[in-house]
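# What the coordinates show
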Amino acid sequence: MVRFLGFLGVVLAVSSCDDGGTATEELACSILSPAGGALVHDRQAVQVGFSGPAVRVELLAADSVVASTEILDETADSVVLEFDSTAVADGEAVLTARVLGAGEASATSEPLTLDVDNTAPVVGMALERFGIVRGDATVALDLVEAHPATVRVVDQFGSVYEGTLDAASSFPWDTTAAEERVHWLDVEVTDAAGHTGSLT
């Protein structure tokens, strides 16, 4: 309510409202999940937290916007966007999030590096096709795969080995319990991202 008071020809206006401006909260954002260095494949959910008067949140890979959403709920403080990792090469992918406010106001998160794997293992045998294996042997695979893997090996008589590969992509085989004859091996390798490659 405003009252006007007159003193000696001077008119003063008295108001119960504060004409002082209210400070605007600054925009900020960060990628909450997944964690840095996480192994991802196919489509990956990415949670972005933000604060301030946001109207839009974007997810960027190599400076290109790959996902975005409008902020319609004023009480929201995070959103989940989808990163299609098949659209980038295997290996390191760097993501950033960006929050936009009214006008040209914006803020960008710290970068997050992910490990992308969308390729199945390529499996070969380091031995010659009719190689000889004796005793408690270690059999090496010729494996093209960037991540730790498990292997399942069977022959015409049953299971030979099922477990992890060592650093040299090899698996153990105690041939002392096997019949002395030609053994046809079927090898199936599964990588850490769940992709499978085989050799028969």
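This text gives an overview of the structure that appears in the document. (Residues numbered from 1 in each chain as written. Predicted model: local features only at pLDDT ≥ 70, side-chain atom pairs only at ≥ 80, totals over all residues. Heavy atoms only, no water.)

### Here's the deal with the overall build of the protein chain
Scanning the protein chain from terminus to terminus reveals zero helices and 18 strands. Looking at the protein chain as a whole, 32% of its 200 residues qualify as buried. When the accessible surface of the protein chain is totalled, it reaches about 12600 Å², and 51% of it is carbon and sulfur. (Helix = DSSP H or I, 4+ residues; strand = E, 2+ residues; numbered from the N terminus. Buried < 20%, exposed > 50% of the residue type's maximum accessible area, 1.4 Å probe, protein only. Areas by Shrake-Rupley, 256 points an atom, 1.4 Å probe, with all protein chains shown as cover.)

### Here's the deal with the packing of aromatic side chains
Throughout the structure, instances matching the rule amount to two aromatic pairs. Between Phe130 and Trp184, the aromatic rings sit 5.8 Å apart at their centres with planes inclined by 80°, giving edge-to-face as the arrangement. Linking Phe130 in the loop between β12 (122–125) and β13 (136–144) with Trp184 in the loop between β16 (170–174) and β17 (186–191), this pair joins segments that are 54 residues apart in sequence. Trp184 sits in the partly exposed class, given a relative accessible area of 47%. The interplanar angle of 15° and the centroid separation of 6.0 Å between the aromatic rings of Tyr161 and Phe171 together place this pair among those described as stacked. Here Tyr161 is found in strand β15 (residues 158–164), whereas its partner Phe171 is found in strand β16, with ten residues between them in sequence. For the pair Tyr161 and Phe171, a shared accessibility class is recorded, and that class is buried. (Phe/Tyr/Trp six-rings, centres within 6.5 Å; stacked < 30°, edge-to-face > 60°.)

### What about the nonpolar core?
Of all hydrophobic cores here, the largest spans 24 residues; its most connected members are Phe50, Val57, Leu59, Phe83, Leu95 and Val99. Mapped onto this core, the elements with two or more residues apiece are β3 (28–33), β5 (43–51), β6 (56–61), β8 (78–84), β9 (91–100) and β11 (112–116). Ranked by residue count, the leading element in this core is β9, at four residues. Beyond its immediate chain neighbours, meaning those up to four positions away, Val57 contacts Val48, Phe50, Ala67, Ser68, Thr69, Ile71, Val79, Leu81, Arg98 and Val99. Listed in part, the 15 residues of the second largest apolar core include Val123, Leu143, Val153 and Trp173. (Core = buried A, V, L, I, M, F, W, Y, C linked by side-chain atoms within 4.5 Å. Contact = heavy atoms within 4.5 Å.)

### Let's talk about the pattern of salt bridges
When the charged atoms of two side chains with opposite charge come close together, those side chains can pair. Inspection of the entire model under this criterion finds five salt bridges. Of the charged contacts, one joins Glu82 and Arg43 as a salt bridge, the two residues approaching to 3.1 Å between their closest N and O atoms. Of this pair, Glu82 sits in strand β8 while Arg43 sits in strand β5; the two residues are 39 residues apart in sequence, bridging distant segments of the chain. Note that Arg98 is salt-bridged to Glu58, the shortest N-O span being 2.7 Å. Remark: Glu58 occurs in strand β6 and Arg98 occurs in strand β9; sequence separation between them is 40 residues. Given the relative accessible area of 26%, Arg98 is considered partly exposed. The class of Glu58 is buried, set by a relative accessible area of 8%. Here the salt bridges share partners, and the residues they tie into one network are Arg56, Glu58, Glu70 and Arg98. (Salt bridge = Lys/Arg side-chain N within 4 Å of Asp/Glu carboxyl O.)

### Regarding the layout of surface pockets
Reported here for the largest pocket is a volume of approximately 720 Å³. As for the largest pocket, its lining consists of 23 residues, and the residues nearest its centre are Arg129, Gly131, Trp173, His183 and Leu185. (1 Å grid on protein atoms, 1.4 Å probe; cavity = no way out; pocket = protein on both sides within 12 Å on 5 of 7 lines; lining within 4 Å. Points joined across faces, edges and corners; volume = space filled by probe spheres on them.)

### Details of the sheet that holds β13
Strand order in this open sheet of three strands is β12-β13-β16, and the pairing throughout is antiparallel. With one partner strand each, in any of the chains shown, β12 and β16 form the two edges of the open sheet. Pairs of neighbouring strands in the sheet enclose a mean axial angle of 35°, with direction left out of account. Pairing between β13 and β16: five bridges, direction antiparallel. Note that in β16 the partner of Val139 across the bridge is Phe171. (Pairing = 2+ DSSP bridges. Axes fitted to C-alpha atoms, helices over the stretch in contact; angles between N-to-C directions.)

Everything listed is a geometric property; what it means functionally is a separate question.
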